[in-house]
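Observations on chain architecture
As a plain string of letters, each chain reads:
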Amino acid sequence: MVTKSKAPAPASVVNIKTTELIFDPENPRFYRLNSQHSMVENIIEDMLDQEGAQDLMLSIGQKGYFAGEPLLVISPKKKGEAFTVVEGNRRLAAVKLLNGEIVPPKKRQRSVAIIQGEAIEPAPTELPCLVYENRRDVLRYLGYRHITGIQEWDALSKARYLKELRDEFYPNIDESEQFKNLAKDIGSKADYVAKLLTALNLYEKSKDNNNFHGLKIDPADIEFSYITTALGYKNIPDWLGLATPKDVEMPGVKMDNLAKMFGWFFAKDQHGRTIIGESRNISDLAAIVTSDKAIAALEETGSISTAYLYTDGPNEALEKSLQEALAKIQIAWRMVPDAKHLTSSHEDLANEIFDHGKTLRNSIRDKLEDQ
């Protein structure tokens, strides 16, 4: 029950019972959580595993709850409903666990019980809150705090937040103006905003197409930055059917190719490994998707390095290496007239370069004759 009968202006702090405070289902940070469990189970598990809720519980249990930073909540639409905590979900999770209102996951029950038992200060049963009438009144503050501020969100949370801002504040203006306005809101560039939104739409389309379930991908394991990185290579957006990396609406997206990419990026084998491995291999994938033979080799072998051999990548790498070697030899040749103290070691190195050069030339000549 609220200690005041009427929701105050945001400047007024109101104490609200924790039983009347619920987690925000639209929080961008919760978007990646596993949909197979209930929202509360997901949030509590994530807060304990990823967000340091246990450390916060320890602090509250030993020093008491710091009331100087109220939760930001939205007043309920109907009488008897709970207040939604838009900002402060980690603090809410820590307090609800500490006061026993929520049962932690089995694997964390012992550690939570120890923290509860060692607590010196009584667990809070109500928390100070700033109450807002509408979610949109808090949205821009969230961007300041979690994108340009001290508690930075991951890339997927940022993208989800940008989509919410876009839908709430800029639904009826030109797309390029949307990106510019959103960029101003988060202190970034329009191209970056567009790429994040495009990556989010690829994520959502893949999820809606049941790719996560079919490929046994846990949404919590998705490294969203891999998707944004892939969009930076022209060949990959082309292969996916996107007009540009900023093709947010993506009317021509090729769902089969999208499913393949998510499988290569995020599906794990029995050893917990993915085909793509490290993000640096995405540059090789950009070459692979230009060749049907290379794609077939990747699907058959599951090896990026093997599939890469079926592209023009090795030829391009050889060309670049030869050009770099030639350039360095030319620099050394220009240094000889000015060198005042040449030694036999210089001659030995030059002979070694000469021998390797002949071997390299002969290897290339032999291969040309065999073609």
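Structural notes, computed from the coordinates. These figures come from a predicted structure and were not determined experimentally. (Residues numbered from 1 in each chain as written. Predicted model: local features only at pLDDT ≥ 70, side-chain atom pairs only at ≥ 80, totals over all residues. Heavy atoms only, no water.)

Comments concerning the overall build of the chain
- Check the secondary structure of the chain and you find 17 helices and five strands.
- Each of the 371 residues in the chain was classed as buried or not, and the buried ones make up 39%.
- The contacts in the chain between residues at least 6 apart in sequence include a share of 67% that link residues at least 24 apart.
- In the form shown here, the chain has an accessible surface area of approximately 21400 Å², with 50% of it arising from carbon and sulfur atoms. (Helix = DSSP H or I, 4+ residues; strand = E, 2+ residues; numbered from the N terminus. Buried < 20%, exposed > 50% of the residue type's maximum accessible area, 1.4 Å probe, protein only. Contact = heavy atoms within 4.5 Å. Areas by Shrake-Rupley, 256 points an atom, 1.4 Å probe, with all protein chains shown as cover.)

Description of the nonpolar core
- Counting 62 residues, the largest nonpolar core has Met261, Phe265 and Leu285 as the members making the most contacts within it.
- Ranked by residue count, the leading element in this core is helix α8 (residues 190-208), at eight residues.
- With residues near it in sequence (within four places) discarded, Phe265 still touches Tyr226, Ile227, Ala230, Thr274, Ile276, Ile282 and Leu285.
- Among the nonpolar cores identified, the runner-up in size contains 29 residues, and Phe30, Met57, Ala94 and Val112 belong to it. (Core = buried A, V, L, I, M, F, W, Y, C linked by side-chain atoms within 4.5 Å.)

Thoughts on helix α14 (residues 292-301)
- The set of residues buried in α14 consists of Ala294, Ile295, Ala297 and Leu298. Buried residues along α14 cover an arc of 160° about the axis, so they all sit on one side. Among the exposed residues of α14, those oriented more than 90 degrees off its buried face are Asp292, Lys293 and Glu300.
- Looking at the buried positions of α14, the neighbouring elements they touch are α11 (235-240), α12 (255-266), α13 (282-288) and α15 (304-308).
- For α14, the N-terminal cap is Ser291; the gap from its side-chain oxygen to the backbone nitrogen of Lys293 is 3.4 Å.
- Looking one or two residues beyond α14, the residue adopting positive phi is Gly302, at roughly 70°. (Arc of directions from axis to C-beta. Polar contact = N/O pair within 3.5 Å; in protein donor to acceptor, adjacent residues only side chain to side chain.)

Here we look at the packing of helix α6 (residues 155-169) against helix α7 (residues 175-186)
- Remark: α6 packs on α7, axes separated minimally by 10 Å, with the N-to-C direction vectors making an angle of 120°. In terms of orientation, α6 lies oblique with respect to α7. Our pair here, α6 against α7, has a crossing hand that is right-handed. On the side of α6, the interface is formed by Tyr161, Leu162, Leu165 and Arg166, while α7 contributes Glu175, Gln178, Leu182, Asp185 and Ile186. (Axes fitted to C-alpha atoms, helices over the stretch in contact; angles between N-to-C directions. Parallel < 35°, antiparallel > 145°, perpendicular 65-115°, else oblique. Left-handed = near helix turned anticlockwise from the far one by under 90°.)

Considering the packing of aromatic side chains
- Evaluation of the coordinates by the stated rule reveals seven aromatic pairs.
- Residues Tyr203 and Phe224 carry aromatic rings whose centres are separated by 6.2 Å and whose planes lie at 70° to one another, so their mutual orientation is edge-to-face. One end of the pair, Tyr203, is in helix α8; the other, Phe224, is in helix α10 (residues 224-231), and 21 residues separate them in sequence.
- A relative accessible area of 0% places Tyr203 in the buried class.
- Considering the side-chain rings of Phe262 and Phe266, the 5.4 Å spacing of their centres and the 65° angle between planes classify their relative orientation as edge-to-face. With Phe262 and Phe266 both in helix α12 and four residues apart, this pair spans about one turn of that helix.
- The class of Phe266 is buried, set by a relative accessible area of 5%.
- Every member of this aromatic cluster is reached through a ring pair, and the members are Tyr226, Phe262, Phe265 and Phe266. (Phe/Tyr/Trp six-rings, centres within 6.5 Å; stacked < 30°, edge-to-face > 60°.)

Describing a negative patch on the surface
- Taken together, Glu347, Asp348, Glu352 and Asp355 make up a surface patch of like negative charges.
- Relative accessible area serves as the criterion here: at 42%, Asp355 is assigned to the partly exposed category. (Patch = residues over 30% accessible without salt bridge, like charges linked within 9 Å, V, L, I, M, F, W, Y side chains within 5 Å. Salt bridge = Lys/Arg side-chain N within 4 Å of Asp/Glu carboxyl O. Lys, Arg positive; Asp, Glu negative; His and termini not counted. Charge placed at Lys NZ, Arg CZ, Asp CG, Glu CD.)

Here's the deal with unusual backbone geometry
- With phi around 40°, Met250 is a residue other than glycine that occupies positive phi space.
- Topologically, Met250 is positioned in the loop between α11 and α12.

Examining the packing of helix α2 (residues 53-63) against helix α3 (residues 89-98)
- As a packed pair, α2 and α3 sit with axes 9 Å apart at the nearest point and diverge in direction by 65°. Between α2 and α3 lies a crossing whose hand is right-handed. Each of Ala53, Leu56, Met57, Ile60 and Gly61 in α2 lies in contact with α3, whose residues at this interface are Arg90, Arg91, Ala94, Val95, Leu97 and Leu98.
- Tallied by class, residues from the contact of α2 with α3 come to eight nonpolar, one polar and two charged. (Nonpolar A, V, L, I, M, F, W, Y, C, P; charged D, E, K, R; others polar.)

Some details on the sheet that holds strand β5 (residues 126-132)
- Spatially, the five strands line up as an open sheet ordered β1-β5-β3-β4-β2, and their pairing is mixed. Of all strands in the sheet, those bounded by a partner on one side alone are β1 (13-17) and β2 (21-23). Recorded for the sheet is a direction-independent mean angle of 55° between the axes of neighbouring strands.
- Bridge count between strand β3 (residues 71-74) and β5: four bridges; the pairing is parallel. By the bridge assignment for β5, Val73 is matched with Val131.
- On top of the sheet, α3 reaches β2, β3, β4 (83-87) and β5; it is set at about 115° to β2, its chief contact. (Pairing = 2+ DSSP bridges.)

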